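# Structural characterization, general
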Amino acid sequence: MATVAAPRRFCRCACFYTDNLYVARYGLHVRFRSEQQLRRDYGPILRSRGCVSAKDFQQLLAELEQEVERRQRLGPESAARKALIASSYHPARPEVYDSLQDAALAPEFLAVAEYSVSPGADLKGLLQRLETVSEERRIYRVPVFTAPFCQALLEELEHFEQSDMPKGRPNTMNNYGVLLHELGLDEPLMTPLRERFLQPVMALLYPDCGGGQLDSHRAFVVKYAPGQDLELGCHYDNAELTLNVALGKVFTGGALYFGGLFQAPAALTEPLEVEHVVGQGVLHRGGQLHGARPLGTGERWNLVVWLRASAVRNRLCPMCRCEPDLVDDEGFSDGFTREEPTTVDVCALT
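Residues numbered from 1 in each chain as written. Predicted model: local features only at pLDDT ≥ 70, side-chain atom pairs only at ≥ 80, totals over all residues. Heavy atoms only, no water.

## A short note on the overall build of the protein chain
Helix and strand content of the protein chain: 8 helices and 20 strands. For 350 residues, the compact-globule estimate of 2.2 N^0.38 gives 20 Å, and the protein chain sits close to it at 21 Å. Taken over the C-alpha atoms alone, the protein chain extends approximately 60 × 55 × 45 Å along its principal axes. For the protein chain, with 350 residues in total, the buried portion stands at 51%. Counting contacts in the protein chain only where the partners sit at least 6 residues apart, residues at least 24 apart contribute 79% of the total. For the protein chain, the accessible area works out to roughly 16300 Å², and carbon and sulfur atoms hold 52% of it. Separation of charge centres in the protein chain, based on 37 positive and 46 negative side chains, amounts to 5 Å. (Helix = DSSP H or I, 4+ residues; strand = E, 2+ residues; numbered from the N terminus. Rg over C-alpha atoms; globule rule 2.2 N^0.38 Å. Buried < 20%, exposed > 50% of the residue type's maximum accessible area, 1.4 Å probe, protein only. Contact = heavy atoms within 4.5 Å. Areas by Shrake-Rupley, 256 points an atom, 1.4 Å probe, with all protein chains shown as cover. Lys, Arg positive; Asp, Glu negative; His and termini not counted. Charge placed at Lys NZ, Arg CZ, Asp CG, Glu CD.)

## Some words on the pattern of salt bridges
A full pass over the atoms with the stated rule returns 25 salt bridges. The salt bridge partner of Glu-35 is Arg-39, with a shortest N-O separation of 3.2 Å. Highlighted residues: Glu-35 and Arg-39, both in helix α1 (residues 35–48), separated by 4 residues, approximately one helical turn. In this structure, Arg-70 and Glu-67 form a salt bridge, with 2.9 Å as the shortest nitrogen-oxygen distance. Placement of both Arg-70 and Glu-67 in helix α2 (residues 54–88) is noted, with a separation of 3 residues, approximately one turn of the helix. Each of the two residues, Arg-70 as well as Glu-67, counts as buried. (Salt bridge = Lys/Arg side-chain N within 4 Å of Asp/Glu carboxyl O.)

## Remarks on the pairing of strand β10 (residues 241–248)
Here β10 lies mainly inside the structure; 8 of its 8 residues are buried. Pairing analysis gives 7 bridges linking β10 to strand β17 (residues 300–308), with the strands arranged antiparallel. For Thr-242, the partnering residue across the bridge sits in β17 and is Trp-306. (Pairing = 2+ DSSP bridges.)

Quick look at the structure:
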């Protein structure tokens, strides 16, 4: 009997359609099941933040209903955009679509990754090769990309931004940027970065968070500029672990700030601020409360990679903090998997 590996089917948790809906005007993430539930759970805090009139509340309801509908369309619409881009878009810097080469990576990052797979590698030795931003919060920094590669990637992203190709929002909080899987950069760039370099490093830094079991990701570039997004409110990432790399350009402000692990935003009193350094990546746990200060001047572009381990999130969804209620979706989706056989009997398919 001949067998072949079955493709993994990734899923979302159903909470994606009801929970963690961001209302920028009030700086609040909410769960939305019904008008009655919204009033009961969030009435006092909404009023304290300016949602006081019947008109204000009806406008909020309409926005939440639109966001739920948008999320329900995400999978098919994203797949359609990716197909159109693949057939019609002409890159300005085609070399960034080549398979990831060591020449694109900073020597310090290559050294860190090489050490992480060496015999006898341990956390103590790894930390000698990284910058520890916060030992308590387990936040680290390391150069990731060379300056020429950052520049080439930025030129390509700007070329795509200025094209007439359809573009999806990077995530539910950012409005400006690029989804790398839609642009066709997952397979040549992001998957090798995760599998060959990030996984061995994360296995030593975060073994308790699935660092050695990363099997999917969501990668996107966010853009901050005058007249567009300027800052980012407190939030957690839908990820076990996160890499955030500053790509450029020239800017002031926009520092990252961090609170505690799954800390309530209202309880954040003494955040740790971390300035961006172009080419360098900040590593942290997805559940670490964080945000971004307002941009001062210029433009800031950052590559964000949400790293996911289905072995961890299949037990507990990091967003609703419950056992996930799985919904089939496209691509890597939100990194959950169903229990499926790893091989298929090809005789049964003929």
